[in-house]
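Tertiary structure, described
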Amino acid sequence: MAEDKRFLLAKLAIEQGDRFQAKDKLSELLKEDQNNVEYWLLLSTVVDSTKERVFCLKKVIALDPRNQEARLGMILFGALDPGKVHPAELRKRDWSKELKDIRKKEKPKKERKKSNYNYKQLLPLMGGGVVIIVLLYFSGLLFPGQRSIFSPKLTITPMTWTPSVDPELMAELTGTPNPILQTPIGRVLEKPYTPTPVYVLTPHPRYGTYQTALIAYRQGDYETMLTYMRLTEDQLETPDIVYLVGEALRNLGRFNEALGKYERALFLDPSFAPAYYGRMLISQVISPEYDIKQDLDQALILDPEFGQVYIERAKYYLDRGDFQLAYEDATQAVNYLPGSHLAHLYRAWSLLELKDYSRSAQAIETSLRLDINYVPSYLVGGRVNLETGRAATAVEMLTKYDAYVPEKTWQFYYSLGKAYYLTGSDMNQAELLLNQAVSLGGDTSSLYQVRALVYLELGEQEKAVAEAFNARKIDRDEFDVNLFLGKILYSSSRYSLGLVYLNISEQQAQNEADLAAVYYWRALTLENLDQQEKAILNWQNLMSLPLEYVPDEWEITAAEKLLPTATPSPTPTPSPTLTPTITPTATQTFTVTVTNTPNPTPSETP
């Protein structure tokens, strides 16, 4: 079988020391069969970090709770309590055996012969050796990293704490692009930690322990980093070193200790910007009610080029709906950290909310190119594709997001429901998804409008009208909302009431395109109310607008209406029949078919 062959190739790659090849093969297998215990168990041996190994072993235990290899691995990595220690079994002594006869005489010990050598002759040599060791110790040659007493006395001069990013560590901000969305090991954890660049404030060339700690940080070995950074801290307690000790503790999940180190760094120098950033990261985990904005603002006041802080503050603004401020901070983050997928993601998100869909699409494309395995990007990407008319692509991206995120927000259900509606593939599924969005707290006019269109497709016109009114309750002063309500009432043959909201939308029109929509739908409505003169006036107003604002279909309809006569006929004219055919585009549109079958004017009650 092809699957068995890939599994054998993965094991062969491990034997040859090729972890990357093994990981690729196992990822392909898991993409097809995520319930295979052997695949997960073998993958745990080739992933890069402890978090990823624990994730794989948890999957094994979930599939096979009795798997002893996985349980032993979890215990070794500290992710599983080994359980109660069983006391040792007491063995009963066999008294039937003869006791040792202690009365037997022991053989006398032989006395050591005394040497006639005079050891006093070695005293001068031993004394010289001690002097040499002392000199080596104080010169710093005996132990690497030990400062010499002959070195100049260390003085910490005042400096500006503008961080410079280590170029090698900067590469850790980005992921390795992969043409296939594999199981994002480590990215689907509850609180994944994205590596951040080390801010090298002073090089400390005389301290070998410091350099060793930075090497360990590059390798993701935070235990080793902590050990050597603490040795450096014992010799030299500066704000940057104390801060890096806090970083090691934070990445090890020892949050309270890390917070203490960030506070200590600020005590040593209140103008040290990275410590405010570190305190912010820890505080939002330990105390969710803590106002992190004060630390974010202070860090940027002290260092206006601190790119990572712009990223965090952009997320802060996005969570609170301040999309313009989020866009400004995300743009700054892109300027200072162009290789950060988060900077581009938050920029795409803010542009999406500001309805700048073309630039949002460019930003999310860059974010996915930098890290194709970062799952939250697929939610934003799906929404962007939805608004740019690529509904099928939106369904694909949102479905990928759905597979890896167990608890989703109402925005996800709304976006996927709208995507199903626009593709026209499954209206019943679209209704279920939109209902789920409302039950989770979704309360936007666009959500109710899409649900109205779904009900219209399902033939439930009364529900469609109710949803259109719900949308207007939220945004009663918006042109699009009032126009939409007028169109829905028209489709439900409630012409008089629809005319009311079409007239209201005319007062809210912002440009010629808005007026064109009002004239078109109001002309159709007036014809059904047998007000032919007013209908012809609206057709004439539509034709008087610049042609670039009038869709071709509307222009043709207006021309046909105006051809027979410029004056209305006293006899009733045929009224248009609405065929609710939904066009799968990002904007909500109706396709109207005009037939020549006369309809009586319906009685209208508000």
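None of the values given here were measured: they were computed from a predicted structure.

Analysis parameters
Residues numbered from 1 in each chain as written. Predicted model: local features only at pLDDT ≥ 70, side-chain atom pairs only at ≥ 80, totals over all residues. Heavy atoms only, no water. Helix = DSSP H or I, 4+ residues; strand = E, 2+ residues; numbered from the N terminus. Buried < 20%, exposed > 50% of the residue type's maximum accessible area, 1.4 Å probe, protein only. Contact = heavy atoms within 4.5 Å. Areas by Shrake-Rupley, 256 points an atom, 1.4 Å probe, with all protein chains shown as cover. Core = buried A, V, L, I, M, F, W, Y, C linked by side-chain atoms within 4.5 Å. Axes fitted to C-alpha atoms, helices over the stretch in contact; angles between N-to-C directions. Parallel < 35°, antiparallel > 145°, perpendicular 65-115°, else oblique. Left-handed = near helix turned anticlockwise from the far one by under 90°. Nonpolar A, V, L, I, M, F, W, Y, C, P; charged D, E, K, R; others polar. pLDDT = per-residue confidence, 0-100. Polar contact = N/O pair within 3.5 Å; in protein donor to acceptor, adjacent residues only side chain to side chain. Phe/Tyr/Trp six-rings, centres within 6.5 Å; stacked < 30°, edge-to-face > 60°. Expected span 1.5 Å × (residues − 1). Arc of directions from axis to C-beta. Salt bridge = Lys/Arg side-chain N within 4 Å of Asp/Glu carboxyl O.

**Topic: the overall build of the protein chain**
Helix and strand counts for the protein chain come out as 28 helices and four strands. When each of the 606 residues of the protein chain is scored for burial, the buried share is 44%. Restricting the contact set of the protein chain to residue pairs at least 6 apart, pairs at least 24 apart contribute 54%. By element, 54% of the accessible surface of the protein chain is carried by carbon and sulfur atoms, the whole surface being about 34,100 Å².

**Thoughts on the nonpolar core**
One broad trend across soluble globular proteins is that nonpolar side chains are buried collectively. The biggest cluster of nonpolar side chains holds 103 residues, and the ones touching the most others in it are Met225, Met229, Tyr346, Tyr421 and Ile488. If near-sequence neighbours (up to four positions away) are discounted, Met225 is found in contact with Ala213, Ala216, Tyr217, Leu244, Glu247 and Ala248. Membership of the second largest hydrophobic core comes to 23 residues, among which are Ala517, Leu524, Leu526 and Trp539.

**Comments concerning the packing of helix α23 (residues 461-474) against helix α24 (residues 479-491)**
Packing of α23 against α24 brings their axes to within 9 Å, and their N-to-C directions diverge by 165°. Taken together, α23 and α24 sit at an angle that is classed as roughly antiparallel. Of the two possible hands of crossing, α23 and α24 adopt the one that is left-handed. The residues of α24 that touch α23, namely those facing Gln461, Ala464, Val465, Ala468, Phe469, Ala471 and Arg472, are Val481, Asn482, Phe484, Leu485, Ile488, Leu489 and Ser491. When its residues are assigned to classes, the contact of α23 with α24 shows ten nonpolar, three polar and one charged.

**Observations concerning the confidence of the model for the protein chain**
In low-pLDDT segments, the atomic positions of the prediction should not be examined closely. Summary statistics for the protein chain give a mean pLDDT of 77 and a share of 71% for residues scoring 70 or more. pLDDT under 50 marks residues 84-91. Its contacts with residues more than four places away, or in other chains, come to zero contacts. Below pLDDT 50 for its whole length, residues 95-104 participates in one contact with residues either more than four positions away or in separate chains.

**Quick look at the side chain of Thr525**
Structurally, Thr525 is set in helix α26 (residues 512-528). Residue Thr525 is classed as buried on the basis of its relative accessible area of 1%. There is a polar contact of 2.8 Å between the side chain of Thr525 and the backbone oxygen of Trp521. Contact partners of Thr525, with chain neighbours within four places excluded, come to Tyr490, Tyr495, Leu499 and Leu502.

**Concerning the packing of aromatic side chains**
Evaluated as defined, the whole model comprises 18 aromatic pairs. Geometrically, the ring pair formed by Tyr277 and Phe306 is tilted, given 5.5 Å between the ring centres and 50° between the ring planes. In this pair, Tyr277 sits in helix α12 (residues 273-286) while Phe306 sits in the loop between α13 (293-302) and α14 (307-319), placing the two residues 29 residues apart along the sequence. By relative accessible area, Tyr277 is classed as buried at 2%. Between Tyr520 and Trp539, the ring centres sit 5.9 Å apart and the planes meet at 75°, which makes this aromatic pair edge-to-face. Residue Tyr520 is found in helix α26, and its partner Trp539 is found in helix α27 (residues 532-544); the two are separated by 19 residues along the sequence.

**Topic: the environment of Asn256**
Inspection of the secondary structure assignment puts Asn256 in helix α11 (residues 255-268). Residue classification places Asn256 among the exposed positions, given a relative accessible area of 61%. Considered as a pair, Asn256 and Ser283 are 27 residues apart in the sequence and their alpha carbons are 9.3 Å apart.

**Quick word on helix α2 (residues 19-32)**
For α2, with 14 residues, the first-to-last C-alpha span of 20 Å sits near the 20 Å given by 1.5 Å per residue. Every buried residue belonging to α2 is among Ala22, Lys23, Lys25, Leu26, Ser27, Leu29 and Leu30, and all of these are buried.

**Things to note about helix α21 (residues 427-439)**
For α21, built from 13 residues, the straight-helix expectation of 18 Å at 1.5 Å per residue is met to within 8% by its first-to-last C-alpha distance of 18 Å. Within α21, the full set of buried residues consists of Met427, Ala430, Glu431, Leu433, Leu434 and Ala437. The buried residues of α21 occupy an angular sector of 170° when projected down its axis, which confines them to one face. Facing away from the buried surface of α21 by more than 90 degrees, the exposed residues are Leu432 and Ser439. The secondary structure elements touched by the buried residues of α21 are α20 (410-423) and α22 (445-457). Capping the start of α21 is the job of one residue whose side-chain oxygen sits 3.3 Å from the backbone nitrogen of Asn428: Asp426. Directly beyond the C-terminal end of α21, a positive phi value near 105° is found at Gly441.

**Quick word on the pattern of salt bridges**
Pairs can form between side chains of opposite charge once their charged atoms are near each other. Throughout the structure, instances matching the rule amount to 22 salt bridges. Residue Glu263 pairs with Arg279 through a salt bridge whose shortest N-O separation is 3.4 Å. One end of the pair, Glu263, is in helix α11; the other, Arg279, is in helix α12, and 16 residues separate them in sequence. A relative accessible area of 15% means that Arg279 is categorised as buried. The shortest N-O distance in the salt bridge between Lys293 and Asp297 comes to 2.6 Å. Here Lys293 and its partner Asp297 are both found in helix α13, four residues apart, which amounts to about one turn of the helix.

**Concerning the packing of α20 against α21**
Remark: α20 packs on α21, axes separated minimally by 8 Å, with the N-to-C direction vectors making an angle of 160°. If you check the angle between α20 and α21, you find them roughly antiparallel. Like other packed secondary-structure pairs, α20 and α21 cross with a definite hand, here left-handed. Here Trp410, Tyr413, Tyr414, Leu416, Gly417, Lys418, Tyr420 and Tyr421 of α20 come into contact with α21, specifically with Met427, Gln429, Ala430, Leu433, Leu434, Gln436 and Ala437. Across the contact of α20 with α21, the residue classes break down as eleven nonpolar, three polar and one charged.

**Quick word on the environment of Leu43**
With respect to the element layout, Leu43 can be found in helix α3 (residues 37-43). Linking Leu43 and Cys56, residues 13 residues apart in sequence, is a C-alpha distance of 6.9 Å.

**Things to note about unusual backbone geometry**
Phi at Lys355 is positive, roughly 65°, even though this residue is not glycine. Take Lys355: it is sitting in the loop between α16 (341-353) and α17 (357-370).

**Points about the environment of Ser446**
In this structure, Ser446 sits in helix α22. Classification of Ser446 as partly exposed rests on a relative accessible area of 25%. Along the primary structure Ser446 and Asp475 are separated by 29 residues, whereas in three dimensions their C-alpha atoms are 9.8 Å apart. In terms of polar contacts, Ser446 uses its side chain to reach the side chain of Tyr414, at 3.4 Å.

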